[in-house]
Amino acid sequence: MKRCVLIMLSAVLLMALFCSPAQATGSKLIALTFDDGPGQYTDQLLDGLKARGAKATFFVLGDCVQYHQDTVARAFQEGHQIGEHSFSHPDLTLLSRGEIQKQFQDLTKLLDHACGSGTRYMVRPPFGKTNDVVEQAVGAPLIQWNVDPLDWACRDAQEVKRCLVNHASDGAILLAHDLYSTTVDGALAAVDDLQAQGYEFVTVSELFRRRGVALKNGAVYYRCSSTGKDLGAISAPKISVTPKGEQYLVTLSAQEGVPIYYTIDGTPVRQDSTQYTGPFMVSTPVTIQATAAYDLNGSRSETVFQTLTQPQAQPPVLSLEEDGLTFSCSTPEASVYYTVTGVQDTSEQRYDGAALSLDPGVTVTAYAKAPGFLQSAAATAVYSPSKNFFCDVFPDAWYFDAVDSICAEGIMECTEPGCFQPDSPVTRGQLVMALYHASGDPVPGGHSPFQDVSTEDACADAVLWAYSNGIVLGYDDRSFRPQNSITRQELAVFLHRFLRWNGTDLPRPDLSGYRDIAGIAHWARKPVGELTAGHILTGSNGYFDPTATASRGQTAALLCRTLEYCQQSISASPVSE
Ligand code: ZN
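Here's what I pulled together on the structure shown here. Since this is a predicted model, take the numbers as computed values, not measurements.

### Observations concerning the overall build of the protein
In terms of regular secondary structure, the protein is built from 16 helices and 22 strands. By its C-alpha atoms, the protein is 140 × 65 × 40 Å across when sized along the principal axes. When each of the 577 residues of the protein is scored for burial, the buried share is 47%. Counting contacts in the protein only where the partners sit at least 6 residues apart, residues at least 24 apart contribute 67% of the total. Accessible area for the protein stands at about 28,100 Å²; split by element, carbon and sulfur atoms hold 51% of it. Distance from the positive charge centre (41 side chains) to the negative charge centre (63 side chains) of the protein: 12 Å.

### Observations regarding the coordination of the zinc ion
For the zinc ion, the full set of protein donor atoms is D36 (OD), H85 (NE2) and H89 (NE2), and the range of their distances to it is 2.1 to 2.2 Å. Mapping the donors of the zinc ion onto the primary sequence gives the spacing D-x48-H-x3-H. Owing to a relative accessible area of 2%, H85 belongs among the buried residues under this scheme. Classification of H89 by relative accessible area gives partly exposed; the value is 21%.

### Here's the deal with the pattern of salt bridges
Scanning the model with the defined rule gives 19 salt bridges in all. Linking E302 and K55 is a salt bridge whose minimum nitrogen-to-oxygen distance equals 2.9 Å. Separated by 247 residues along the polypeptide, E302 in the loop between β14 (299–300) and β15 (304–308) and K55 in the loop between α2 (42–52) and β2 (56–60) bring together distant segments of the chain. The salt bridge partner of K102 is D106, with a shortest N-O separation of 2.7 Å. Residue K102 and its partner D106 are located together in helix α5 (residues 97–115), separated by 4 residues, close to a single helical turn. On the accessibility criterion, K102 (48% relative accessible area) is partly exposed. Via salt bridges that share partners, D43, D47, K50, R74 and E78 belong to a single interconnected network.

### As for the sheet that holds strand β18 (residues 335–342)
In spatial order, the strands read β19-β18-β20-β21-β22; together these 5 strands make up an open sheet with antiparallel pairing. Of all strands in the sheet, those bounded by a partner on one side alone are β19 (349–350) and β22 (389–390). In terms of strand pairing, β18 meets β19 through 2 bridges, oriented antiparallel. Paired with Y337 across the two strands is R350, which belongs to β19.

### Description of the sheet that holds strand β12 (residues 280–282)
Taken in spatial order, the 3 strands of this open sheet run β8-β9-β12, and their pairing is antiparallel. With one partner strand each, in any of the chains shown, β8 (238–244) and β12 form the two edges of the open sheet. Sheet twist, expressed as the mean angle between neighbouring strand axes with direction ignored, is 35°. Sheet topology note: the β8/strand β9 (residues 247–253) ladder contains 7 bridges and is antiparallel. Following the sheet pairing, I239 is matched in β9 by L252.

### Quick word on the packing of aromatic side chains
Under the defined criterion, the tally for this structure stands at 16 aromatic pairs. Pairing F327 with Y338 gives two aromatic rings, centres 5.2 Å apart and planes at 20°, and the pair type is stacked. Within this pair, whereas F327 is found in strand β17 (residues 324–328), its partner Y338 is found in strand β18, the two being separated by 11 residues in sequence. Residue class for F327 comes out buried when judged on its relative accessible area of 7%. Look at Y514 and F544: their rings are 5.4 Å apart centre to centre, the planes differ by 50°, and that puts the pair in the tilted class. Linking Y514 in the loop between α14 (488–501) and α15 (522–533) with F544 in the loop between α15 and α16 (552–572), this pair joins segments that are 30 residues apart in sequence. F544 matches Y514 in its accessibility class, with the two residues each being buried. Of the aromatic side chains, those joined through ring pairs into one cluster are Y436, W465, F498 and W501. The ring of Y475 carries the charged tip of R481 above its face, separated from the ring centre by 3.8 Å.

Each value, and the rule that gives it
Residues numbered from 1 in each chain as written. Predicted model: local features only at pLDDT ≥ 70, side-chain atom pairs only at ≥ 80, totals over all residues. Heavy atoms only, no water. Helix = DSSP H or I, 4+ residues; strand = E, 2+ residues; numbered from the N terminus. Buried < 20%, exposed > 50% of the residue type's maximum accessible area, 1.4 Å probe, protein only. Contact = heavy atoms within 4.5 Å. Areas by Shrake-Rupley, 256 points an atom, 1.4 Å probe, with all protein chains shown as cover. Lys, Arg positive; Asp, Glu negative; His and termini not counted. Charge placed at Lys NZ, Arg CZ, Asp CG, Glu CD. Donors = N, O, S within 2.8 Å, 3.2 Å for Na, K, Ca; no water. Salt bridge = Lys/Arg side-chain N within 4 Å of Asp/Glu carboxyl O. Pairing = 2+ DSSP bridges. Axes fitted to C-alpha atoms, helices over the stretch in contact; angles between N-to-C directions. Phe/Tyr/Trp six-rings, centres within 6.5 Å; stacked < 30°, edge-to-face > 60°. Lys NZ or Arg CZ within 6 Å of the ring centre and 35° of its normal.

Structural data, given as structure tokens:
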């Protein structure tokens, strides 16, 4: 019995001896570090590490970073860790606290260009020389090493490899210098050999994090022996996208508790990139880049990319024909969906190709969907109370009623079907035509007094009428310049002359409500003042803004008020025989 129990106990002990270390420690981790760079061979080293799936840590010098910014950015983006070795490689133990801090502050500023502001950098003191002052001054963990192949002295790839391989152990921190091609060749050969032995090359950050060791600022570390724990590598996040109307809804997911950083503007993920907090919308084309990281500088996953190029369908074109409203869309196989609001109210309908009869006073909104396309932007049109059809003037605009009535009376018109262009400048030709239409006068006889207005021009009759009635004078060179836009004070002068011609009396000028009187031209003060006193002009927030260009929307509103003013003064006049 006793013997039997003993045998069983020994068996359990043996199993514990053989099994538990392997299970508890997980993989053999090792940190390869490079000092004094970056240099001319660093990119070649990064190529080699990338091909081998190995991560390393670079303790860089400010003097070298200045000339190799792109290399630092590349190393950071490829998941290596960037550490600080000082700016100019002094013996820190001979410097004051302030001098030590300046060495690292200047370097941090340079490195943040590549890694993003807010990045934390571990420190390796030059020559490995440190003391209490240094440890307090740097405010970061100090990382030494326990394997040194003296690669800077031997300059022999075989020797560098032999030394790294022979002295490697689980948890070791290996020192090398990426300044020599012999070091790059030797280190990469050592990576091959040690990976074959089951070593995983990780950054210094990951070596300690995976073993559950929290590094302290000002403490000095030489290696990280097995703690019996391996928290495992950080998996790349997943990007999932769902089309939602005109855009995509993007959801990112990663291992529980690991923050995700992302960009959607094509720039690499950095420490100052957006941290994911929940699903978000993107428009195409877009490239989403995402990295899961406890610390983007060394404790991170690989970066995942997803490019979304699916185009949007073209918005439908709404046209009002005699038999009603029709929709068309230039995207192949598109279906159009529409909603009517206003005096009629319908839920969303699919357009079946039959013209839609509309009641005046409705707004129609439509969009297109097509296979292989995202939903189009919405297109909107109004069938106004006065039966005008507008795709660019809507009831929420302050000048809507004026534009509607001015168009209904044929005083102004759309520049093309459905298109009033309310925000475009009104031209001199357009304004004179509007005044002429408003006058109701017959077509005048005679020839154009202006060398740039011929009888074929749309505004020819109007210009002739306006000139004969003293409403326009033209320029000294006998030009009228019908395509020129006009300012608000010029518009006031034209309207004022129109009222005078019409025989309408205006009240005494009043400019007291404007804070920018000084900016109003001398020749425009009386007209602006009288039109203001007659409530035709109002300005905006106490400003008249005399030299701003008059828009078509504003012009419609002022014409409307001018014509109403004429009407009122006619009805107020005593009836003569
Ligand atoms: Zn050094």
